[in-house]
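Below are the chains, spelled out letter by letter.
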Number of protein chains: 2
Amino acid sequence: MTQMRPPTGSRAAAADRGIPEATVARLPVYLRALAALADAGMRTASSEQLAGAAGVNSAKLRKDLSHLGSYGTRGVGYDVEYLRYQIAREIGLTQDWPVVIVGIGNLGQALSSYGGFRSRGFSIVAIFDADPDRVGEEHGGLPISPMDQLEPVVAEHGISIAVIATPGPAAQEVADRLVAAGVSSILNFAPAVLSVPERVDVRKVDLSIELQILAYHEQRKALSGEEAVPGHDATDDVAAKVVGQL
Amino acid sequence: MTQMRPPTGSRAAAADRGIPEATVARLPVYLRALAALADAGMRTASSEQLAGAAGVNSAKLRKDLSHLGSYGTRGVGYDVEYLRYQIAREIGLTQDWPVVIVGIGNLGQALSSYGGFRSRGFSIVAIFDADPDRVGEEHGGLPISPMDQLEPVVAEHGISIAVIATPGPAAQEVADRLVAAGVSSILNFAPAVLSVPERVDVRKVDLSIELQILAYHEQRKALSGEEAVPGHDATDDVAAKVVGQL
DNA sequence: AAGAGTTTGTGAACGAGAGAACAAAATCGA
DNA sequence: TCGATTTTGTTCTCTCGTTCACAAACTCTT
Ligand SMILES: NC(=O)c1ccc[n+]([C@@H]2O[C@H](COP(=O)([O-])OP(=O)(O)OC[C@H]3O[C@@H](n4cnc5c(N)ncnc54)[C@H](O)[C@@H]3O)[C@@H](O)[C@H]2O)c1
Ligand SMILES: NC(=O)c1ccc[n+]([C@@H]2O[C@H](COP(=O)([O-])OP(=O)(O)OC[C@H]3O[C@@H](n4cnc5c(N)ncnc54)[C@H](O)[C@@H]3O)[C@@H](O)[C@H]2O)c1
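Residues numbered from 1 in each chain as written. Chains lettered and ligands numbered in written order. Predicted model: local features only at pLDDT ≥ 70, side-chain atom pairs only at ≥ 80, totals over all residues. Heavy atoms only, no water.

(A) Examining helix α2 (residues 47–54) of chain B more closely. All names here are of chain B. Regarding α2, the residues found buried are Ser-47, Leu-50, Ala-51 and Ala-54. Within α2, the buried residues cover an arc of 100° as seen down the axis, which keeps them to one side. Opposite the buried face of α2, by more than 90 degrees, sit the exposed residues Glu-48 and Gly-52. If you follow the buried residues of α2, they end up packed against α1 (21–39), β1 (44–45), α3 (58–66), β3 (77–79) and α4 (80–91). (Buried < 20%, exposed > 50% of the residue type's maximum accessible area, 1.4 Å probe, protein only. Helix = DSSP H or I, 4+ residues; strand = E, 2+ residues; numbered from the N terminus. Arc of directions from axis to C-beta. Contact = heavy atoms within 4.5 Å.)

(B) Examining the protein's contact with DNA strand C more closely. Close to DNA strand C lie 26 residues; Lys63(A), Arg74(A), Ser47(B), Lys63(B) and Tyr78(B) are nearest. Each atom of DNA strand C within 4 Å of the protein belongs either to a base or to sugar and phosphate, the latter forming 68%. The contact in question runs from a base nitrogen of DNA strand C to an N or O atom on the side chain of Lys63(B), over 2.9 Å. Those elements that place two or more of their residues in the surface near DNA strand C are α1 (21–39) and α3 (58–66) of chain A together with α3, β2 (72–73) and β3 of chain B. Sorting elements by how many residues they give to the surface near DNA strand C places α3(A) first, with four residues. Here the surface near DNA strand C is composed, by residue class, of seven nonpolar, ten polar and nine charged. (Near = heavy atom within 4 Å. Polar contact = N/O pair within 3.5 Å; in protein donor to acceptor, adjacent residues only side chain to side chain. Nonpolar A, V, L, I, M, F, W, Y, C, P; charged D, E, K, R; others polar.)

(C) Spatial organisation of the site of ligand 2. Close to ligand 2 lie 25 residues; Tyr114(A), Asn106(B), Leu107(B), Asp129(B) and Thr166(B) are nearest. Residues close to ligand 2 are split across chains A and B. With respect to ligand 2, the backbone of Ala110(A) contributes an N or O atom lying 3.2 Å from an oxygen atom. Arg134(B) is positioned such that a nitrogen or oxygen atom in its side chain is 3.1 Å from an oxygen atom of ligand 2. Compared with its free state, where it exposes 820 Å², ligand 2 has 83% of that area covered by protein. Looking at the shell around ligand 2, the elements with two or more residues in it are α5 (106–113) of chain A together with α5 (106–113) and α7 (168–181) of chain B. A per-class count over the shell around ligand 2 returns 17 nonpolar, five polar and three charged. (Areas by Shrake-Rupley, 256 points an atom, 1.4 Å probe, with all protein chains shown as cover.)

(D) Examining the site of ligand 1 more closely. Lining the immediate surroundings of ligand 1 are 25 residues, of which Asn106(A), Leu107(A), Asp129(A), Thr166(A) and Tyr114(B) lie closest. In this structure, an oxygen atom belonging to ligand 1 sits 2.9 Å away from a main-chain N or O atom of Asn106(A). The separation between an oxygen atom of ligand 1 and a polar main-chain atom of Thr166(A) is 2.7 Å. Listed by contribution, the elements that provide at least two residues to the shell around ligand 1 are α5 and α7 (168–181) of chain A together with α5 of chain B. Sort the elements by how many residues they give to the shell around ligand 1 and α7(A) lands first, with three residues.

(E) Geometry of the domain arrangement of chain A. Assigned domains within chain A: domain 1 (21–90) and domain 2 (97–207). Inter-centroid distance (C-alpha atoms) of domain 1 of chain A to domain 2 of chain A is 31 Å. (Domains from an automatic or database assignment.)

(F) Up close: the protein's contact with DNA strand D. The full set close to DNA strand D counts 27 residues, and Ser47(A), Arg74(A), Tyr78(A), Arg26(B) and Arg74(B) are the nearest of them. Counted by atom, the contact set of DNA strand D within 4 Å of the protein is 70% sugar and phosphate. Between a phosphate oxygen of DNA strand D and a side-chain N or O atom of Ser70(A), the distance comes to 2.9 Å. Among the residues making up the surface near DNA strand D, the classes are represented as seven nonpolar, eleven polar and nine charged.

This is the structure:
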């Protein structure tokens, strides 16, 4: 995703601040696991325990954490609260991130009403929809704002993270406006490939794709049961038209 | 994810039917790109065009497709409809998958009302919630069923794919019931690490984590601006308690 | 029929990530 | 103080995935 800017020359000691993408994606999981352990009253935890709670291999967890620095104690483990703070700081969760949501349909409403974001370092400061009839409707304590408020709100709050939950065809246009207004990270729920300048990060969440991946594995499981029949594939060349739409 | 069952001995020719996980995750994207091209009236497409529409590198696309077989024509490209059918068949989308959703809160309602699943090969056949007051409510044309209907419905329709959209603490229990009832693929929206038998596939969608990953990159961008100050980190050892809850 | 022009399919080089294994560093009990 | 025990941080190896680059295969024009 983000540009891996070439070796930053002037670096002296250990923590090179270049955490592997795969590790970054797991840090939030560790944070959640630590919260669970803290709630359970644990003040310290071994890599084995933490890994268990996070659902990963303990060697992987230790290597991940070693990228942040050396925050454990050999023979003891990790101080739960301290590690929690260090990870939060590394991810950038010691500050609160203001976020806007564009497209308040089924999904946008669910997101707007979701209370879990605030406690994880994000506050939704405005929600937008193009439908004039919906402007003013409240969701999660915020009124829907009209689209012409987008630029001023983004500027005023210094928004850098936005969520797109519009239909697919509208997504690119919305993304363009967001980027022009100053947003540099987008979470996209619309089934569309967004094209944005290099400095902008886009993450895509696509529920249909997730289901399709499950379907693939499901089909393989089913097939490996009846394995018997070796090499044919009857339906193979029959027709192309069958697929219907997408 | 799924067990990479050891080399299946009795395999003669080319297509070994062991598609890399990374490729599987991209096939649905290609499918969508192909649909877009077809709608635009294209009957044939080069790897370059397809890759453009799908937002990937063309070499990667060609290698991905080569795992399914040799469906292109050198000097020409790929027949849009034919490739579409082949990918759909490979993913298992020539059949329709019945799906159930458990936990009809904000998110579950959005999913239930979403029309996009049907056209992509999935039909929601039942939705469940533990709240007795909500049983009977309609969402997306389906009434909410009580939880005690879960096992009979899963059995009757031969459900193998389920979606969990309950709060985190309830997720494991729900997963256990689903698995016991015969489900072998789960799409989980709850912030919880599910433990399931090996034969069961779980995919997790976690919106907070997506935002946190964006926040990390956002922070790095901000930091690399003020790069000047080299090695310190004032707030480093100050306190641990600051983090609040998760 | 032959040559020019396209575009696929794949071999090979490279890079990133996962996991096993172990030395180094800490605690604890005697 | 010393040795036994625990557990981290890191090195090494292996696997998986990405990208480049090009020969092989096809079309089209003359
Ligand atoms: N609802 C789901 O469960 C679900 C599942 C998978 C994918 N998605 C995707 O998420 C997106 C949103 O889904 P949804 O069900 O909420 O759709 P929806 O149709 O209910 O809502 C879309 C909203 O976006 C608004 N909108 C349209 N054009 C806009 C524009 N140019 N600017 C601002 N707002 C605009 C519409 O007024 C509407 O309120 C879609 O792209 C959909 O494919 C949704
Ligand atoms: N809404 C969002 O935008 C959003 C965003 C990120 C994550 N999530 C996660 O998705 C999940 C659902 O979110 P939500 O906003 O819809 O929550 P919600 O509280 O609105 O809905 C949860 C639903 O699950 C039902 N439920 C509770 N226990 C159950 C059980 N044991 N069996 C069956 N049903 C049960 C409840 O009755 C309720 O209707 C949560 O885990 C949440 O953390 C939601």
